[in-house]
Amino acid sequence: METAARFRAAVEKQDLAALDDLFTDDIRFYSPVKFTPFEGKPMVLGLFGVLLRTFEDFRYVGHLDGTAETGTDGQEAPSEILIFRATVDGKQIHGIDLLQFDEAGRVKEFTVMVRPQSAVQALGQAVLAGLVADGLA
């Protein structure tokens, strides 16, 4: 899907303005370290600002596409998985970004899953510190 390619390019360039154009106003971001989603474009863009600063050696290493049920309404939506590797605070991370799209092709739900457990903990601590520093938590 074109949106996923544009998303990947924006992340790789650390271009928050480009991400803004790809998200719905009511986007939901499901984090591996928090049960309830981050909601709304301003909060999610703020979170991406923190994430782009937090990850070291971030790179996408593959992708898969299809459809999947969304967490919001349980409806099938066009979806793409971007597989990534990165480092956070010296911990190697392997993860996926699940992007789910609305009828216009914008990202309406974004879910991140990472492994191993030690990396999840390092990521959670680094992101919380960044959110606090940016006045978002």
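Our subject in this report is the structure included herewith. (Residues numbered from 1 in each chain as written. Predicted model: local features only at pLDDT ≥ 70, side-chain atom pairs only at ≥ 80, totals over all residues. Heavy atoms only, no water.)

**Some words on the environment of K13**
Within the secondary structure, K13 sits in helix α1 (residues 2–13). For the pair K13 and L52, spaced 39 residues apart in sequence, the C-alpha to C-alpha distance is 9.6 Å. (Helix = DSSP H or I, 4+ residues; strand = E, 2+ residues; numbered from the N terminus.)

**A look at the sheet that holds strand β4 (residues 76–88)**
Taken in spatial order, the six strands of this open sheet run β2-β1-β6-β5-β4-β3, and their pairing is mixed. Strand pairing shows two members of the sheet lacking a second neighbour, β2 (38–39) and β3 (56–69), which therefore form its edges. Summarising the sheet, β3 and β4 pair through 11 bridges and their orientation is antiparallel. Along β4, the bridge assignment pairs D65 with E80. Contacting β1 (23–30), β2, β3, β4 and β6 (107–115), helix α3 (residues 41–54) runs over the sheet at an angle of about 55° to β1. (Pairing = 2+ DSSP bridges. Contact = heavy atoms within 4.5 Å. Axes fitted to C-alpha atoms, helices over the stretch in contact; angles between N-to-C directions.)

**Comments concerning unusual backbone geometry**
In this structure, P116 follows R115 across a cis peptide bond, with omega equal to -10°. Turning to its location among the elements, P116 is positioned in the loop between β6 and α4 (117–133). Even without being a glycine, Q14 presents a positive backbone phi close to 55°. Tracing the chain through its elements places Q14 in the loop between α1 and α2 (16–22).

**Here's the deal with α3**
Relative to the 20 Å expected for 14 residues at 1.5 Å per residue, α3 spans 20 Å between its end C-alpha atoms, a close match to the ideal helical length. Of all 14 residues in α3, 12 are buried, a share of seventy percent or more. (Expected span 1.5 Å × (residues − 1). Buried < 20%, exposed > 50% of the residue type's maximum accessible area, 1.4 Å probe, protein only.)

**Examining the pattern of salt bridges**
Under the definition given, this model contains six salt bridges. Among the ionic pairs, K41 bridges to D20, the shortest N-O distance being 3.5 Å. You can see K41 sitting in helix α3 and its partner D20 sitting in helix α2, a full 21 residues away along the chain. The exposure class of D20 is partly exposed, given its relative accessible area of 27%. Three or more residues joined by partner-sharing salt bridges are found here, namely D20, D25 and K41. (Salt bridge = Lys/Arg side-chain N within 4 Å of Asp/Glu carboxyl O.)

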